[in-house]
Amino acid sequence: MNNELPIRKHPRLKEYDYSSAGGYFLTICVEDMRKLLGEVVGRDDPGAPNIELSKYGTIVEKHLFAINSHYKDLEIEKYVIMPNHVHILISMYSVQTNGASRTPPPTRANERIPRFVSTFKHFVHKNCGFKMFQRDYHEHIIRDEADYLQYWQYIDNNPAKWAEDKYYKKEG
């Protein structure tokens with residue numbers, strides 16, 4: 001019997017400066033891939049599928065909207081809330097602060113995106129009354145404009161391709 005724990009792969013690039021301005025594509029999944037955030041509706045019309053949010057999906061969306069008003073250096077460019085995960089296209093800017101800031105600076109320069117994810121999850125979990133999201137999340141650094149446009153289109157098309165999505169999980 002093998003009693004060794006699985007080796008966890010650290011998803012962050014060691015050589016990348018996560019404090020630098022740039023774009024990031026994030027995927028945050030619901031624990032056990034449960035479909036808590038909503039349902040894809042209108043699948044019979046390929047041009048019309050969209051997400052009908054559940055009460056939990058509405059809470060997630062509320063906290064996504066709050067990001068743009070609470071973080072001066074982060075902006076959610078685009079997102080989609082799927083039944084069991086959220087995709088976020090986020091831009092991080094260099095902000096010059098003159099005087100006091102409402103948001104304290106990160107303790108280490110490379111913590112801005114992980115801190116955003118942690119804070120976002122914390123407020124969603126607190127508002128929902130339970131731990132909804134799994135611990136880890138997927139992160140992709142946007143490398144250029146073509147990469148940015150590819151992820152923008154991916155978010156746009158995600159509801160229409162839900163049944164083929166790698167996060168899709170049949171009921172039962």
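## A short note on the environment of Val40
Line of reasoning, step 1. With respect to the helices and strands, Val40 occurs in strand E2 (residues 38-41).
Line of reasoning, step 2. Residue Val40 is classed as buried on the basis of its relative accessible area, which comes to 6%.
Line of reasoning, step 3. Note: C-alpha distance between Val40 and Lys161 (121 residues apart in sequence) is 9.9 Å.
Line of reasoning, step 4. If sequence neighbours within four positions are ignored, Val40 has contacts with Pro49, Asn50, Ile51, Met82, Pro83, Pro159 and Trp162.

## As for the nonpolar core
For soluble globular proteins, nonpolar side chains are generally found buried alongside one another.
Line of reasoning, step 1. Counting residues in each nonpolar core, the largest one holds 29 residues, and the members touching the most others are Leu26, Val60, Ile88, Ile90, Phe116, Met132 and Phe133.
Line of reasoning, step 2. Mapped by element, the contributors of at least two residues to this core are strand E1 (22-29), helix H1 (55-70), strand E4 (74-81), strand E5 (85-92) and helix H2 (112-128).
Line of reasoning, step 3. Per element, the largest residue contribution to this core is 6 residues, and it comes from H2.
Line of reasoning, step 4. Beyond its immediate stretch of four places on either side in the chain, Met132 contacts Val30, Glu31, Arg34, Leu36, Leu37, Tyr56, Val60, Val124 and His125.
Line of reasoning, step 5. Within the second largest apolar cluster, 10 residues are counted, among which are Phe25, Val80, Leu89 and Trp162.

What counts, and at which threshold
- Residues numbered from 1 in each chain as written.
- Predicted model: local features only at pLDDT ≥ 70, side-chain atom pairs only at ≥ 80, totals over all residues.
- Heavy atoms only, no water.
- Helix = DSSP H or I, 4+ residues; strand = E, 2+ residues; numbered from the N terminus.
- Buried < 20%, exposed > 50% of the residue type's maximum accessible area, 1.4 Å probe, protein only.
- Contact = heavy atoms within 4.5 Å.
- Core = buried A, V, L, I, M, F, W, Y, C linked by side-chain atoms within 4.5 Å.

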